Amino acid sequence: MYSQGLIGADSNIVEDQAFLDAFQQRIDAEEKIEPNDPMPQAYRNTLIRMIGQHAHSEIVGMLPEGNWITRAPSLRRKVALLAKVQDEGGHGLYLYSAAETLGVSREQMTEELLSGKAKYSSIFNYPTPSWADIGTIGWLVDGAAIMNQVPLCRCSYGPYARAMIRVCKEESFHQRQGYELVKTLCEGTAEQKAMAQDSLNRWWWPSLMMFGPSDTDSQHSDQSMKWKIKRFTNDALRQKFVDATIPQAELIGLHVPDKDLKWNENKNDGKGGYDFGEIDWDEFWRVVKGHGLMNKDRIKARKKAWDDGAWVREAAQAFAKKNVAA
Ligand code: FAQ
């Protein structure tokens, strides 16, 4: 990885106004910023925080679905779920590698996850008690992830933008297979349809929370938009997600659990869109701060995997050293 050569790569840079203006000009001209380019420390730190959080989300996100691999109801469903969970692991690895180009090590990022310093998406702190949850996660969670990540393919930082291209293609496939699973349940027995509805009831609001706090409370959005890391605000993406998803729910006969949901033809500059109810922000912050239903289990599982894998990392390093010496 690039990291070893890059740590402190621009520590000699004086971040005076001329430097910051020249950097902003490159951003405004839609140039990609690459690992060896000089960049303001705050730009670097923002990306390390955001890509690190994203990588952790992919890896922790394997747990709720992994829970169902042994209990998938058919071989076809088992193969699809195995492949999906494996894809999420791959996304985590590209993203850790993209973050490493900024001079942070994977060990450091993992320590920050395990100590609670680094965040991961709130959505993965909810349990998956029914098989329908596997469909709902693909449909809504991957659906929300794509809405947020397609614009990240145009992020100003080259390695993150490029990693996002393949990630989005795979997430798009996951969204479709999840929707197909939920649709199949809706076309099945009354009990299966009820299972799908119950799952939507539990995942709808947490999926809206994935987009982050409202624009008025989002501390990083303004600067990240200026640096063209983010292309849309949290609320703008949330609105796009709601507008895209309601017709999908209607098509398969599911009811979105929001009494304030209403078509508003004046929304989106007259193109129309849905008004929707107020998100429970207390719940959002409680989960983000570590007090959701599954936060402790998720970190415990990641710590066990990291500790159990220590011998593999040590062996790989010893082997690499032996090869260099030979
Ligand atoms: N959960 O000022 P903002 C996936 C934190 S991948 C937890 O608005 P920002 C794939 C935020 O970090 C899902 N924390 O922050 C998959 C900040 O705290 P900090 C992950 C959250 O960065 C599917 C504070 O609140 N996707 O699902 C959340 O401008 C299925 C203030 O917020 C990404 O990471 C949250 N929901 O915007 C895998 C995409 N929201 O760091 C398996 C890249 C906010 O100052 C199965 N990230 N916070 O301590 C982003 O687009 C942005 O980072 C946002 C937040 C939009 C998440």
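No experiment lies behind these values; they were computed from the predicted model shown. (Residues numbered from 1 in each chain as written. Predicted model: local features only at pLDDT ≥ 70, side-chain atom pairs only at ≥ 80, totals over all residues. Heavy atoms only, no water.)

Visitor: Give me the site of the ligand: which residues, what numbers.
Guide: The ligand sits among 36 residues. The nearest are Gln53, Lys119, Ser218, His220 and Lys230. At 2.7 Å, a side-chain N or O of glutamine 53 approaches an oxygen atom of the ligand. Between the ligand and the protein, one listed contact pairs an oxygen atom with a backbone N or O atom of glutamine 219 at 3.0 Å. In the complex, the protein chains occlude 94% of the 1100 Å² of accessible area that the ligand would expose alone. The set of elements that each furnish at least two residues to the shell around the ligand consists of helix H3 (41-60), helix H5 (75-100), helix H7 (132-149), helix H8 (158-186) and helix H12 (281-291). Counting residues per element, the shell around the ligand draws most heavily on H3, which supplies 6 residues. Of the residues contributing to the shell around the ligand, the split by class is 14 nonpolar, 13 polar and 9 charged. (Near = heavy atom within 4 Å. Polar contact = N/O pair within 3.5 Å; in protein donor to acceptor, adjacent residues only side chain to side chain. Areas by Shrake-Rupley, 256 points an atom, 1.4 Å probe, with all protein chains shown as cover. Helix = DSSP H or I, 4+ residues; strand = E, 2+ residues; numbered from the N terminus. Nonpolar A, V, L, I, M, F, W, Y, C, P; charged D, E, K, R; others polar.)

Visitor: I'd like a rundown of the pattern of salt bridges, residues and numbers included.
Guide: What the rule picks out here adds up to 20 salt bridges. In this structure, the salt-bridge partner of glutamate 31 is arginine 26, at a minimum N-O distance of 2.7 Å. Accessibility expressed as a relative area gives 23% for arginine 26, which makes it partly exposed. The salt bridge involving glutamate 170 is made with arginine 166; its shortest N-O contact spans 3.0 Å. Within this pair, glutamate 170 and its partner arginine 166 are both found in helix H8, separated by 4 residues, close to a single helical turn. Note on glutamate 170: relative accessible area 16%, which makes it buried. Taken together, the shared-partner salt bridges in this structure form one network comprising Glu65, Lys84, Glu88 and Asp142. (Salt bridge = Lys/Arg side-chain N within 4 Å of Asp/Glu carboxyl O. Buried < 20%, exposed > 50% of the residue type's maximum accessible area, 1.4 Å probe, protein only.)

Visitor: Which residues make up the nonpolar core, and what are the values?
Guide: Ranked by size, the top nonpolar core spans 45 residues in total, and within it Trp139, Trp204 and Leu254 carry the most contacts. The residues touching leucine 254, leaving out its near neighbours within four places in the chain, are Trp139, Val182, Cys186, Lys193, Ala196, Gln197, Leu200 and Ala249. In this structure, Tyr43, Leu47, Ala99 and Leu152 belong to the second largest nonpolar core, which totals 26 residues. (Core = buried A, V, L, I, M, F, W, Y, C linked by side-chain atoms within 4.5 Å. Contact = heavy atoms within 4.5 Å.)

Visitor: Tell me about the environment of aspartate 215, and name the residues and values.
Guide: Take aspartate 215: it is sitting in the loop between helix H9 (190-209) and helix H10 (221-226). For the pair aspartate 215 and aspartate 235, spaced 20 residues apart in the sequence, the C-alpha separation amounts to 5.9 Å. Setting aside anything within four residues of it in sequence, one finds aspartate 215 in contact with Thr233, Asn234, Asp235 and Ala236. A polar side-chain atom of aspartate 215 sits 2.7 Å from a polar atom in the side chain of threonine 233.

Visitor: Provide a residue-level description of unusual backbone geometry, including the pertinent values.
Guide: The backbone phi angle of asparagine 268 is positive, close to 55 degrees, even though this residue is not glycine. Along the chain, asparagine 268 falls in the loop between strand E1 (262-264) and strand E2 (273-275). Despite not being glycine, aspartate 269 shows a phi value in the positive range, around 55 degrees. Inspection of the secondary structure assignment puts aspartate 269 in the loop between E1 and E2. Given the relative accessible area of 77%, aspartate 269 is considered exposed.

Visitor: Outline helix H2 (residues 17-28), supporting the account with residue identities and numerical values.
Guide: With 12 residues, H2 extends 16 Å between its outermost C-alpha atoms, agreeing within 8% with the 16 Å of an ideal straight helix rising 1.5 Å per residue. When we look at burial in H2, the residues that qualify are Phe19, Phe23, Gln24 and Ile27. Down the axis, H2 shows its buried residues gathered within 130 degrees of arc, on one side only. When the buried face of H2 is taken as reference, the exposed residues oriented beyond 90 degrees from it are Gln17, Ala18 and Gln25. The secondary structure elements touched by the buried residues of H2 are H3 and H10. Residue glutamate 30 follows H2 closely and has a positive phi angle near 65 degrees. (Expected span 1.5 Å × (residues − 1). Arc of directions from axis to C-beta.)

Visitor: Requested: an account of the side chain of histidine 174, with residues and values cited.
Guide: Tracing the backbone shows histidine 174 in helix H8. Only 2.7 Å separates the side chain of histidine 174 from the side chain of aspartate 87, close enough to count as a polar contact. With residues up to four places along the chain from it excluded, the contact list for histidine 174 reads Lys84, Asp87, Glu88, His91, Gly138 and Asp142.

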